[in-house]
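A closer look at the structure
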Amino acid sequence: MTYYNEYQSKLRTADEAVMAVKDGDWIDYTISQGQPVLLDAALAKRKGQIKDVNCRGYFMFEPLQIVEQDPEHESFWYHSWYTAGIERKYWNQGLISHIPMIYRNQSSYYRLGYCKVNVAMICVSPMDDEGYFNLHFTCATSKPVLDAADIIIVEVNEHLPRVKGLKERLAEGIDATRIHISEVDYIVEGEHHPMVEI
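Throughout what follows, the structure given in this document is the object of discussion. Sequence order as written defines the numbering, with residues in each chain counted from 1. With pLDDT at 70 or above as the cut-off, local features in this predicted model cover only qualifying residues; side-chain atom pairs require 80 or more to be listed or tallied, and sums for whole chains, interfaces and linings still use all residues. Calculation of side-chain values draws on the structure's entire complement of heavy atoms; hydrogens and water are dropped beforehand.

1. Here's the deal with the packing of aromatic side chains
Here is the rule: rings of Phe, Tyr and Trp (six-membered ring for Trp) pair when centre to centre is within 6.5 Å. Planes less than 30 degrees apart are stacked, more than 60 are edge-to-face, and the remainder are tilted. Under the defined criterion, the tally for this structure stands at 7 aromatic pairs. Seen from their ring centres, W81 and Y110 are 6.3 Å apart, and the 65 degrees between their planes marks the pair as edge-to-face. With W81 in the loop between β4 (76-80) and α5 (86-92) and Y110 in helix α6 (residues 106-111), this pair connects stretches of sequence that are 29 residues apart. Note on exposure labels: buried denotes an accessible area under 20% of the residue type's maximum, exposed denotes more than 50%, and partly exposed covers the range between, all computed with a 1.4 Å probe on protein chains only. Residue classification places Y110 among the buried residues on the basis of a relative accessible area of 3%. Taken together, the ring pairs in this structure connect Y58, F59, Y82 and Y103 into an aromatic cluster. Runs of E in the DSSP output that reach at least two residues are strands. Runs of H or I that reach at least four are helices, and both are numbered from the N terminus.

What follows is the structure in C-alpha coordinates.
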(Lines give C-alpha, C1' and ligand atoms only; values in the text may rest on other atoms or scores of the structure.)
Protein backbone atom coordinates (compact mmCIF):
# COMPACT_ATOMS: atom_id res chain seq x y z
CA MET A 1 0.00 0.00 0.00
CA THR A 2 1.37 3.42 -0.89
CA TYR A 3 1.45 6.23 1.66
CA TYR A 4 -1.25 8.00 -0.35
CA ASN A 5 -3.54 4.97 -0.20
CA GLU A 6 -2.87 4.51 3.51
CA TYR A 7 -3.61 8.21 4.03
CA GLN A 8 -6.94 7.90 2.24
CA SER A 9 -7.86 4.79 4.21
CA LYS A 10 -7.32 6.63 7.51
CA LEU A 11 -8.92 9.92 6.48
CA ARG A 12 -12.04 10.79 8.50
CA THR A 13 -14.16 13.82 9.23
CA ALA A 14 -13.64 15.29 12.68
CA ASP A 15 -17.09 14.05 13.71
CA GLU A 16 -16.23 10.51 12.62
CA ALA A 17 -12.81 10.52 14.29
CA VAL A 18 -14.07 11.58 17.73
CA MET A 19 -16.37 8.57 17.82
CA ALA A 20 -13.24 6.75 19.02
CA VAL A 21 -13.69 8.46 22.41
CA LYS A 22 -15.56 6.37 25.00
CA ASP A 23 -16.88 6.92 28.52
CA GLY A 24 -14.09 7.37 31.04
CA ASP A 25 -11.36 8.00 28.45
CA TRP A 26 -8.31 10.18 29.00
CA ILE A 27 -7.55 12.39 26.01
CA ASP A 28 -4.42 14.46 25.40
CA TYR A 29 -4.42 17.66 23.33
CA THR A 30 -0.66 18.19 23.85
CA ILE A 31 0.52 21.84 23.76
CA SER A 32 -0.08 25.25 22.13
CA GLN A 33 0.00 25.01 18.31
CA GLY A 34 -0.80 21.31 18.64
CA GLN A 35 -4.31 22.25 19.81
CA PRO A 36 -6.69 20.18 17.66
CA VAL A 37 -9.36 22.84 17.12
CA LEU A 38 -11.47 20.84 14.65
CA LEU A 39 -11.41 17.70 16.80
CA ASP A 40 -12.12 19.73 19.95
CA ALA A 41 -15.22 21.28 18.33
CA ALA A 42 -16.40 17.87 17.12
CA LEU A 43 -15.83 16.30 20.53
CA ALA A 44 -17.80 19.09 22.23
CA LYS A 45 -20.79 18.13 20.08
CA ARG A 46 -20.81 14.77 21.87
CA LYS A 47 -21.78 16.45 25.14
CA GLY A 48 -24.43 14.31 26.80
CA GLN A 49 -23.57 11.26 24.67
CA ILE A 50 -20.49 10.30 26.69
CA LYS A 51 -19.47 10.85 30.30
CA ASP A 52 -16.43 11.12 32.57
CA VAL A 53 -14.09 12.10 29.73
CA ASN A 54 -10.91 13.82 30.93
CA CYS A 55 -8.61 15.85 28.75
CA ARG A 56 -5.07 17.14 29.36
CA GLY A 57 -3.20 19.93 27.60
CA TYR A 58 -1.52 23.27 28.20
CA PHE A 59 -0.71 26.67 26.73
CA MET A 60 -3.75 26.53 24.47
CA PHE A 61 -4.20 29.60 22.28
CA GLU A 62 -7.83 29.27 21.24
CA PRO A 63 -11.01 28.72 23.28
CA LEU A 64 -11.60 25.08 24.18
CA GLN A 65 -15.00 23.97 22.99
CA ILE A 66 -15.20 21.06 25.45
CA VAL A 67 -15.03 23.74 28.17
CA GLU A 68 -17.13 26.41 26.45
CA GLN A 69 -19.94 24.00 25.51
CA ASP A 70 -19.88 21.96 28.74
CA PRO A 71 -19.24 24.30 31.70
CA GLU A 72 -21.29 22.00 33.96
CA HIS A 73 -18.94 19.05 33.18
CA GLU A 74 -21.78 16.85 32.02
CA SER A 75 -19.32 15.00 29.80
CA PHE A 76 -15.88 16.64 29.94
CA TRP A 77 -13.24 17.84 32.39
CA TYR A 78 -10.17 19.67 31.12
CA HIS A 79 -6.92 19.51 33.13
CA SER A 80 -4.15 21.98 32.33
CA TRP A 81 -0.48 21.28 33.00
CA TYR A 82 0.12 25.05 32.86
CA THR A 83 -2.56 27.70 33.10
CA ALA A 84 -1.81 30.66 30.84
CA GLY A 85 -3.98 32.81 28.61
CA ILE A 86 -7.37 31.23 27.96
CA GLU A 87 -6.72 28.43 30.43
CA ARG A 88 -6.00 30.92 33.22
CA LYS A 89 -9.36 32.54 32.51
CA TYR A 90 -11.11 29.16 32.72
CA TRP A 91 -9.26 28.26 35.91
CA ASN A 92 -10.23 31.57 37.55
CA GLN A 93 -13.86 30.74 36.74
CA GLY A 94 -13.56 27.23 38.21
CA LEU A 95 -14.14 25.58 34.82
CA ILE A 96 -10.92 23.55 34.62
CA SER A 97 -8.39 22.00 36.96
CA HIS A 98 -4.64 22.57 37.13
CA ILE A 99 -2.06 19.78 37.40
CA PRO A 100 1.11 21.05 39.16
CA MET A 101 4.17 19.82 37.30
CA ILE A 102 7.84 20.59 36.67
CA TYR A 103 8.18 20.95 32.90
CA ARG A 104 11.34 18.87 32.58
CA ASN A 105 9.55 15.92 34.21
CA GLN A 106 6.44 15.89 32.05
CA SER A 107 7.68 13.53 29.34
CA SER A 108 8.76 10.99 31.94
CA TYR A 109 5.21 10.86 33.34
CA TYR A 110 4.10 9.44 30.01
CA ARG A 111 7.18 7.29 29.37
CA LEU A 112 6.89 5.65 32.80
CA GLY A 113 3.16 5.02 32.42
CA TYR A 114 1.90 7.42 35.08
CA CYS A 115 -0.42 9.15 32.59
CA LYS A 116 -2.94 6.99 30.80
CA VAL A 117 -3.71 8.16 27.25
CA ASN A 118 -6.65 6.48 25.58
CA VAL A 119 -6.80 8.97 22.70
CA ALA A 120 -4.19 11.52 21.62
CA MET A 121 -5.38 14.36 19.37
CA ILE A 122 -2.78 16.70 17.89
CA CYS A 123 -2.33 19.14 15.01
CA VAL A 124 0.53 18.20 12.72
CA SER A 125 2.18 19.57 9.58
CA PRO A 126 1.09 17.98 6.28
CA MET A 127 2.56 14.55 5.51
CA ASP A 128 5.85 14.44 3.60
CA ASP A 129 6.87 12.06 0.79
CA GLU A 130 8.23 9.52 3.29
CA GLY A 131 4.90 9.26 5.14
CA TYR A 132 5.84 11.43 8.13
CA PHE A 133 3.79 14.13 9.84
CA ASN A 134 5.94 16.75 11.58
CA LEU A 135 5.30 17.70 15.22
CA HIS A 136 6.52 21.30 14.63
CA PHE A 137 6.53 23.45 17.81
CA THR A 138 5.16 20.64 20.01
CA CYS A 139 8.17 18.35 19.57
CA ALA A 140 9.63 19.11 23.01
CA THR A 141 6.94 17.09 24.79
CA SER A 142 4.39 15.55 22.44
CA LYS A 143 6.18 12.39 21.23
CA PRO A 144 5.99 10.62 24.64
CA VAL A 145 2.26 11.43 24.72
CA LEU A 146 1.78 9.86 21.30
CA ASP A 147 3.91 6.85 22.22
CA ALA A 148 1.69 6.25 25.27
CA ALA A 149 -1.61 6.58 23.37
CA ASP A 150 -3.91 3.71 22.49
CA ILE A 151 -5.40 5.70 19.59
CA ILE A 152 -3.72 8.57 17.72
CA ILE A 153 -5.75 11.08 15.73
CA VAL A 154 -3.79 13.71 13.79
CA GLU A 155 -5.37 16.91 12.55
CA VAL A 156 -3.47 18.28 9.56
CA ASN A 157 -2.91 22.02 9.88
CA GLU A 158 -1.81 23.52 6.60
CA HIS A 159 -0.10 26.48 8.31
CA LEU A 160 2.29 24.58 10.57
CA PRO A 161 5.99 24.44 9.64
CA ARG A 162 8.33 21.48 9.82
CA VAL A 163 11.14 21.43 12.37
CA LYS A 164 14.23 19.24 12.29
CA GLY A 165 15.67 17.16 15.09
CA LEU A 166 19.11 17.30 16.64
CA LYS A 167 21.63 15.25 14.64
CA GLU A 168 22.91 13.63 17.84
CA ARG A 169 19.46 12.35 18.78
CA LEU A 170 18.74 11.16 15.25
CA ALA A 171 22.02 9.22 15.28
CA GLU A 172 20.77 7.46 18.42
CA GLY A 173 17.59 6.50 16.59
CA ILE A 174 15.50 9.03 18.51
CA ASP A 175 13.32 11.36 16.46
CA ALA A 176 10.94 13.45 18.54
CA THR A 177 10.02 15.72 15.64
CA ARG A 178 7.68 13.51 13.61
CA ILE A 179 5.30 10.59 13.55
CA HIS A 180 4.86 8.09 10.73
CA ILE A 181 1.50 7.41 9.12
CA SER A 182 1.80 3.75 10.14
CA GLU A 183 1.56 4.89 13.79
CA VAL A 184 -1.57 6.99 13.18
CA ASP A 185 -5.11 5.64 13.48
CA TYR A 186 -7.11 8.51 11.97
CA ILE A 187 -6.35 11.63 9.95
CA VAL A 188 -8.55 14.74 9.91
CA GLU A 189 -8.28 17.60 7.45
CA GLY A 190 -9.92 21.02 7.44
CA GLU A 191 -9.35 24.73 7.23
CA HIS A 192 -7.43 26.42 10.05
CA HIS A 193 -6.74 29.99 11.12
CA PRO A 194 -3.23 31.29 10.48
CA MET A 195 -0.90 30.53 13.39
CA VAL A 196 -1.43 32.55 16.53
CA GLU A 197 1.38 35.00 17.26
CA ILE A 198 2.05 36.40 20.71
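What follows continues from the structure just given.
2. Comments concerning the pairing of strand β3 (residues 53-58)
Most of β3 is tucked away: 6 of the 6 residues are buried. Paired strands are those between which DSSP finds at least two bridges. Across 4 bridges, the pairing between strand β2 (residues 26-31) and β3 is parallel. Counted as the bridge partner of I31 is Y58 from β3. Seen with its strands pointing away from the viewer, a crossover is right-handed when the path leading from the first strand over the helix to the second is clockwise. For the crossover from β2 across helix α3 (residues 37-44) to β3, the handedness is right-handed.

3. Quick look at the pattern of salt bridges
When their charged atoms lie close together, side chains carrying opposite charge are able to pair. Whenever a carboxyl oxygen of Asp or Glu lies within 4 Å of a side-chain nitrogen of Lys or Arg, that contact is scored as a salt bridge. If you walk through the whole model with that rule in mind, you get 8 salt bridges. With a closest N to O distance of 3.1 Å, R56 and D28 form a salt bridge. Taken together, the positions of R56 in strand β3 and D28 in strand β2 put the pair 28 residues apart, joining distant regions of the chain. Both residues of the pair, R56 and D28, count as buried. Put simply, D147 and K143 hold a salt bridge, and the shortest N to O gap is 3.1 Å.

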